[in-house]
Amino acid sequence: RYVQEVTLQRRRVRYADLAAAAGSQPAPAQLELRSKDVVRLVQPYVTVRFVEQLKAVVPLAIYLALFQLLVLRQSVSEAGIITAGLLAVVVGLMLFMEGLKVGLMPLGETIGNVLPRHSPLPVVLIITFILGIGVTFAEPAIGALQAAGALVDVTRAPYLYVLLNDWSGVLVLIVGMGVGFAAVLGTIRFLKGWSLKPLIYATIVPALALSAYMLTDEGLAMILALAWDCGAVTTGPVTVPLVLALGIGIASSAGKGHSSLSGFGIVTLASIFPVIGVMGLAIFVARTVSVDEIVASAATRADSTIALAWHETTPWVEIILGVRAIVPLVLFLLAVLYFVLHERVRDRAQSAYGLGLALGGMIVFNLGLTYGLARLGGQTGGIVPAAFASLSSVSGSPLYPVLVGMALALLFAWILGFGATLAEPALNALGMTVENLTNGAFRKSMLMYAVSTGVAFGIAAGVLKIIFGFSVAWILVPGYLAALALTAISSEEYVNVAWDSAGVTTGPVTVPLVLAMGLGFGGAVGAVEGFGILAFASIGPILSVLTTGLLVERGVRRRHAMAEREIGLEAVSS
């Protein structure tokens, strides 16, 4: 920058000398850009980002539509509205991700780098905790979780209904507090250089103990699937980049942010603490609110919903939700920057541009989520059970013999999980990081296929849970016990990668689509609730990556042993 300023100053002096020698010199003509030139400059930039989101949305939409048309022999209803909604999802994500990169991320990085130098550690951790709450409210997928409350039958699952309706705001707050605690603990881990293994033991064991306690109460047992799903919803495109930027910035300012473990761990903790928080909230609600009060409140809500139906169906609701998600987070970041750090935004125009894109993208994404992803996932999920069960909405159902139909339903879920995960951009970035971290021993393609396979089997297991109605604890408790055992015998690098891989699988497209599909599936087969698929999709990749990591380590040790044996033989022969 200094060399550029000196060069410009020399050019000004040279131009002034020439102008004085010539007597008068006309001012240089300003560069004029025609609208055609602007389009040519912007088009490659926009096209790349548009195609990135298109690759994540279109293959899944085509797969769902073709399965519905060819296998289930059912037409896609409201195809025009769904297509417009999916286009809104693509455009909204494109705008939001660009705004996140240009507007929100620089604020988080600036605060993370400057905050430790201006404030004591307790103030740093308090701000980190509040930021964790703010990013949770700004997560695109959190709206899908709140919208699921309208599909729960209050008479069959009263505590689940009240959490998702009357206590929905408190529920999101508790989830945000869990993310905040995870951000604080992850930041301290960066500073102290702690291993991730003890933190995993210290969080998973209480979560499993609370799950076992809730199984003893029939009403609380129905909330287990929601609680474990909340851990998957939190680790999205807002939480992970912003919290990581702040945590790594704090560690870097302390001179400890350049190790191979920097960036790992916060995602893992951010997916476990919310589970514990939601289970604690459920126990509190069950002890303070009776079932009769919940049913009476639901009846009052039903009467008011009829009166306010016109308001519920307008896009203004999605606009309000978008503003409410982004604006408080931005105001908090700016308040920390101005009043705590006494710093100014370096490039106001660029920041305002990025924040405007993030706000507009969130609003457009919410509209696309409501009219596109949620409708498509719910519609397909509601029809898939017709392959093996009799549904009043599908003539001629069941379409196949029971065993064949169930096999088709499981195959549908497996392919959906595998394809959706493989299309996640965050997984590709994690794969490159892991390949560099392990010096090529754990290849990117190997990680991506391991994670995708784990998610595929997890989603298939979630569909089985909905069909047969068993508790999520019967899979999650043995699954996490197995994960803890594999963690104990795995190296630190693979533990970090495996547990964080569960977070990158739950993107802004996968979560709403899978959640809507599960709820639609559960409603079709008469299940009490359709939650739990995301929870199974989180434990699956942990097990698959840890197992693959052990196999990779075994192969590396075998190659080293063979190399040492060959060296020994050569030494003896020589």
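Residues numbered from 1 in each chain as written. Predicted model: local features only at pLDDT ≥ 70, side-chain atom pairs only at ≥ 80, totals over all residues. Heavy atoms only, no water.

Draft legend 1. Quick look at the overall build of the chain. Counting its regular elements, the chain contains 24 helices and zero strands. Among the 574 residues that make up the chain, the fraction classed as buried is 51%. A sequence separation of at least 24 residues applies to 84% of the contacts in the chain between residues at least 6 apart. Here the chain has roughly 26,000 Å² of accessible surface; of this, 66% comes from carbon and sulfur atoms. (Helix = DSSP H or I, 4+ residues; strand = E, 2+ residues; numbered from the N terminus. Buried < 20%, exposed > 50% of the residue type's maximum accessible area, 1.4 Å probe, protein only. Contact = heavy atoms within 4.5 Å. Areas by Shrake-Rupley, 256 points an atom, 1.4 Å probe, with all protein chains shown as cover.)

Draft legend 2. Structural view of the packing of helix H21 (residues 473-489) against helix H24 (residues 533-573). In contact at an axis separation of 10 Å, H21 and H24 are set at 30° when each is read in the N-to-C sense. When the axes of H21 and H24 are compared, the pair comes out roughly parallel. Two packed elements cross with a definite hand, and for H21 against H24 that hand is left-handed. Judged by residue contacts, Ile-475, Leu-476, Gly-479, Tyr-480, Ala-482, Ala-483, Leu-486, Thr-487 and Ile-489 of H21 engage Ala-535, Phe-536, Ile-539, Ile-542, Leu-543, Leu-546, Thr-547 and Leu-550 from H24. Classifying every residue of the contact of H21 with H24 by side-chain character gives 14 nonpolar, three polar and no charged. (Axes fitted to C-alpha atoms, helices over the stretch in contact; angles between N-to-C directions. Parallel < 35°, antiparallel > 145°, perpendicular 65-115°, else oblique. Left-handed = near helix turned anticlockwise from the far one by under 90°. Nonpolar A, V, L, I, M, F, W, Y, C, P; charged D, E, K, R; others polar.)

Draft legend 3. Geometry of the pattern of salt bridges. Applying the stated rule across the entire model yields one salt bridge. When the shortest N-O distance is used, the salt bridge between Glu-78 and Arg-375 registers 3.0 Å. On the criterion of sequence distance, the pair formed by Glu-78 in the loop between helix H2 (35-71) and helix H3 (79-118) and Arg-375 in helix H17 (residues 348-383) is long-range, its members being 297 residues apart. (Salt bridge = Lys/Arg side-chain N within 4 Å of Asp/Glu carboxyl O.)

Draft legend 4. Just the side chain of Ser-538, in detail. For Ser-538, the location among the structural elements is in helix H24. Residue Ser-538 is classed as buried on the basis of its relative accessible area of 9%. There is a polar contact of 3.1 Å between the side chain of Ser-538 and the backbone oxygen of Leu-534. Other than its neighbours up to four places away in sequence, Ser-538 contacts Ala-232 and Ala-502. (Polar contact = N/O pair within 3.5 Å; in protein donor to acceptor, adjacent residues only side chain to side chain.)

Draft legend 5. Spatial organisation of the confidence of the model for the chain. Chain-level pLDDT for the chain is 79 on average; 81% of the residues reach the 70-or-more range. Scored below 50 in pLDDT, residues 257-261 shows ten contacts in the model against residues more than four places distant or in partner chains. Contacts of residues 304-313 to residues separated by more than four positions or lying in other chains number three contacts, the stretch itself having pLDDT below 50. (pLDDT = per-residue confidence, 0-100.)

Draft legend 6. Region of the structure containing unusual backbone geometry. Note that the residue after Ser-397, namely Pro-398, is joined by a cis bond; omega there is 0°. Along the polypeptide, Pro-398 turns up in the loop between H17 and helix H18 (402-422).

Draft legend 7. Structural context of the nonpolar core. In this structure, Ile-223, Trp-228, Tyr-480 and Trp-499 are the most contacted members of the largest nonpolar core, which totals 120 residues. Residue contributions to this core peak at eleven residues, all from H24. What Trp-499 contacts, discounting residues up to four positions off in sequence, is Ile-200, Ile-204, Thr-268, Ile-272, Tyr-480, Ala-483, Leu-484, Thr-487, Ile-542 and Leu-546. Core analysis: the next-biggest nonpolar cluster, separate from the first, contains 34 residues, Leu-115, Ala-182, Ile-326 and Val-336 among them. (Core = buried A, V, L, I, M, F, W, Y, C linked by side-chain atoms within 4.5 Å.)

Draft legend 8. Region of interest: the packing of aromatic side chains. Taken as a whole and assessed by the stated rule, the structure comprises eleven aromatic pairs. Aromatic pair Trp-167 and Phe-284: ring centres 6.1 Å apart, planes at 70°, arrangement edge-to-face. You can see Trp-167 sitting in the loop between helix H6 (158-164) and helix H7 (168-192) and its partner Phe-284 sitting in helix H13 (residues 273-288), a full 117 residues away along the chain. Linked through ring pairs, Trp-414, Phe-418, Tyr-449 and Phe-457 together constitute an aromatic cluster. (Phe/Tyr/Trp six-rings, centres within 6.5 Å; stacked < 30°, edge-to-face > 60°.)

Draft legend 9. Structural detail: the side chain of Lys-465. Structurally, Lys-465 is set in helix H20 (residues 444-468). With near-sequence residues (within four places) excluded, Lys-465 lies in contact with Ala-225, Phe-470, Val-472, Glu-529, Phe-531 and Phe-536.

Draft legend 10. View of a nonpolar patch on the surface. The grouping of Val-58, Ile-62, Leu-66, Leu-69 and Leu-70 at the surface amounts to a nonpolar patch, some 440 Å² of accessible area in total. Looking at the secondary structure, you find Leu-66 in helix H2. (Patch = residues over 30% accessible without salt bridge, like charges linked within 9 Å, V, L, I, M, F, W, Y side chains within 5 Å.)

Draft legend 11. Structural context of the packing of helix H4 (residues 121-137) against H7. Two elements in contact, H4 and H7, have axes whose closest approach is 7 Å; the angle formed by their N-to-C orientations is 140°. The orientation of H4 with respect to H7, classified from their angle, is oblique. In the crossing of H4 with H7, the sense of the turn from one axis to the other is right-handed. Of the residues in the contact of H4 with H7, the class split is 16 nonpolar, seven polar and no charged.

Draft legend 12. The environment of Leu-550, seen in detail. Tracing the chain through its elements places Leu-550 in helix H24. Counting along the chain gives 56 residues from Leu-550 to Tyr-494, while the straight-line C-alpha distance between them is 8.4 Å. Once residues lying within four places of it in the same chain are set aside, the contact partners of Leu-550 are Leu-486, Ile-489 and Ser-490.

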